[in-house]
Amino acid sequence: MSSSEQFEGFMVHDIKNWTTFKKDKFKPKTFGDNDIDIKIECCGVCGSDVHTITGGWSEDVPTPLAVGHEVVGKAIKVGKSVKDVKVGDRVGVGAQVWACLKCPQCKSDNENYCPHMVDTYGAPYPKEACPDETLSQGGFSSHIRAHEYFVFPIPDAIPSHLAAPMLCAGLTVYSPLVRAKVGQGDKVGIVGLGGLGHFAVMWANALGAEVTVISHSPNKEADAKKLGAKHFVNSNDKDWAKPLAFTFDFLLNTADMTNEFDIAAYQSTLKVNRQFHQVGLPDKAIDGIKPQMFMANGSSFGASHIGNRPECLAMLKLAAEKKLHPMVETIPISEKGCAEAVERVKNNKVHYRFTLTDYDKAFGN
């Protein structure tokens, strides 16, 4: 199979049968001067994949669809204008494969907020990028094609199966931490210890913060401390927030069940004029939020979307230098393997991320 003509992936054809994956061929976007083709070695499994294929975030899901946006592999073809990647390099791709790179957002290192951005899967390319408006397909596939700006060199010190989850989960929590200028001596609360949360604890600790994990799962306290947390709070306890009033410089919520939270209790733990920041995105709307909740400490409620290229490169450098390794389980990619992975992520039966491996066995050399 010529990578320039067609790729092959494990694809979902119907969101009502979201654990049924079938291997199908698909056509990638037209190869451009700034594009890179990557032969995939492994791909992380993200909660976003599950929210997408189950229709949790939207029932308007373009199928057939190969999800996966935590890709690591080898560059096998580079466009004539590509500067920083050569054939044979080990590289990664996260949750974005294209942006216009011309708008004010892109020019201010906010390409992850480009109004024309293309998600790694399930997004139509604009005609500027691809004349036939091809739909992007993700990393549960033999290859991926992406613009060079969204292709990141992977440091030698990070094994591929550990690097993959960093490219979405890791970056999604790293970006708000560094944009909040989290550093030495800051008190940071991390809500939830899962695929996102365990990265957030590692990064916040590495940045010098004193980290508190807030979780409804008391059995995760040992992991929280192992990852660098100094304190652990069980949010099932009555009045758990009262001793934490005016404590945190930054509160990062990584759980995707915010619609069930007592938002006022979380807001009360912030210092004056600090933020409760969302990266966990629930399927349902958050009801009952009133401005009065934010008045007692002048706090705010925000959210963010992945991160930019400089942040991704800095994150990978930090992980390599400090030997920061996430907790990752691996599953060989196959129809059965994909089904097992997404079902266990849906049911929170993973410790704490999955990476799909053995791509050569599934797709050949």
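Residues numbered from 1 in each chain as written. Predicted model: local features only at pLDDT ≥ 70, side-chain atom pairs only at ≥ 80, totals over all residues. Heavy atoms only, no water.

The chain has the name Alcohol dehydrogenase in an unreviewed UniProt entry, where Microdochium bolleyi is given as its organism. UniProt, in the comment section headed Sequence similarities (unreviewed entry), describes the chain in these words: "Belongs to the zinc-containing alcohol dehydrogenase family." Check the Cofactor (unreviewed entry) section of the UniProt entry for the chain; it says "Zn(2+)". (UniProt positions renumbered as here; feature names shortened; annotations may be inferred.)

Asker: I keep staring at the state of the cysteines and nothing clicks. Help me out?
Answerer: Working definition: the covalent bond between the sulfur atoms of two cysteines is a disulfide. The full count for this structure, using the stated rule, is 0 disulfides. Between C114, a cysteine without a disulfide, and C100, which holds the nearest cysteine sulfur, the sulfur-to-sulfur distance is 3.7 Å. (Disulfide = S-S within 2.5 Å.)

Asker: Before we go on, may I ask you to explain the nonpolar core in this structure?
Answerer: Across soluble globular proteins, nonpolar side chains have a tendency to be buried as a group. Ranked by size, the top nonpolar core spans 53 residues in total, and within it F21, F140, I333 and L356 carry the most contacts. Non-local contacts of I333, meaning those with residues more than four positions away in its chain, are made with F10, F140, C338, L356, T357, D358, Y359, A362 and F363. Counting 46 residues, the second-largest nonpolar core is a separate cluster that includes F152, L196, V213 and F232. (Core = buried A, V, L, I, M, F, W, Y, C linked by side-chain atoms within 4.5 Å. Buried < 20%, exposed > 50% of the residue type's maximum accessible area, 1.4 Å probe, protein only. Contact = heavy atoms within 4.5 Å.)

Asker: What's the story with the packing of helix α3 (residues 160-179) against helix α4 (residues 197-206) in this structure? I'm lost.
Answerer: Any two packed helices are characterised by how steeply their axes cross, that is the angle between the axes, and by the distance between the axes. Relative to each other, α3 and α4 sit at 50°, their axes nearing to 9 Å. Considered as vectors, α3 and α4 are oriented oblique to each other. Like other packed secondary-structure pairs, α3 and α4 cross with a definite hand, here right-handed. Across from P165, M166, A169, G170, V173, Y174 and L177 in α3, the residues of α4 making contact are F199, A200, W203 and A204. Here the residues of the contact of α3 with α4 sort into 10 nonpolar, 1 polar and no charged. (Axes fitted to C-alpha atoms, helices over the stretch in contact; angles between N-to-C directions. Helix = DSSP H or I, 4+ residues; strand = E, 2+ residues; numbered from the N terminus. Parallel < 35°, antiparallel > 145°, perpendicular 65-115°, else oblique. Left-handed = near helix turned anticlockwise from the far one by under 90°. Nonpolar A, V, L, I, M, F, W, Y, C, P; charged D, E, K, R; others polar.)

Asker: What should I look at first to understand the layout of surface pockets in this one?
Answerer: The probe, sized like a water molecule, is rolled over the atoms to show the empty space still left. Put simply, the second largest pocket is a space of about 200 Å³. Here the residues of the lining of the second largest pocket are counted per class, giving 8 nonpolar, 4 polar and 5 charged. (1 Å grid on protein atoms, 1.4 Å probe; cavity = no way out; pocket = protein on both sides within 12 Å on 5 of 7 lines; lining within 4 Å. Points joined across faces, edges and corners; volume = space filled by probe spheres on them.)

Asker: Would you mind going over the packing of α3 against helix α7 (residues 309-322) with me for this structure?
Answerer: Interhelical geometry of α3 versus α7 gives an angle of 100° and a closest axis separation of 9 Å. Considering the angle they form, α3 stands roughly perpendicular to α7. Contact residues: α3 offers M166, L167, G170, L171, Y174, S175, V178 and R179, while α7 offers E311, C312, A314, M315, L316, L318 and A319. Grouping the constituent residues of the contact of α3 with α7 by class yields 11 nonpolar, 2 polar and 2 charged.

Asker: Could you clarify how one ought to interpret the UniProt feature "domain: Enoyl reductase (ER)" (unreviewed entry) in the chain in this entry?
Answerer: Under the UniProt annotation, the feature "domain: Enoyl reductase (ER)" (unreviewed entry) is placed at residues 13-356. In residues 13-356, the share of helix is 23% and the share of strand is 25%. The end C-alpha atoms are 20 Å apart.

Asker: Is there a simple way to think about the pattern of salt bridges in this case?
Answerer: Pairing between side chains becomes possible if they bear opposite charge and their charged atoms approach one another. Tallying each qualifying case throughout the model produces 15 salt bridges. Put simply, R344 and E340 hold a salt bridge, and the shortest N to O gap is 2.9 Å. Of this pair, R344 and E340 both sit in helix α8 (residues 335-346), separated by 4 residues, roughly a single helical turn. Note on R344: relative accessible area 25%, which makes it partly exposed. With relative accessibility at 34%, the residue E340 sits in the partly exposed group. Overlapping salt bridges bring together D249, K271 and R274 as one network. (Salt bridge = Lys/Arg side-chain N within 4 Å of Asp/Glu carboxyl O.)

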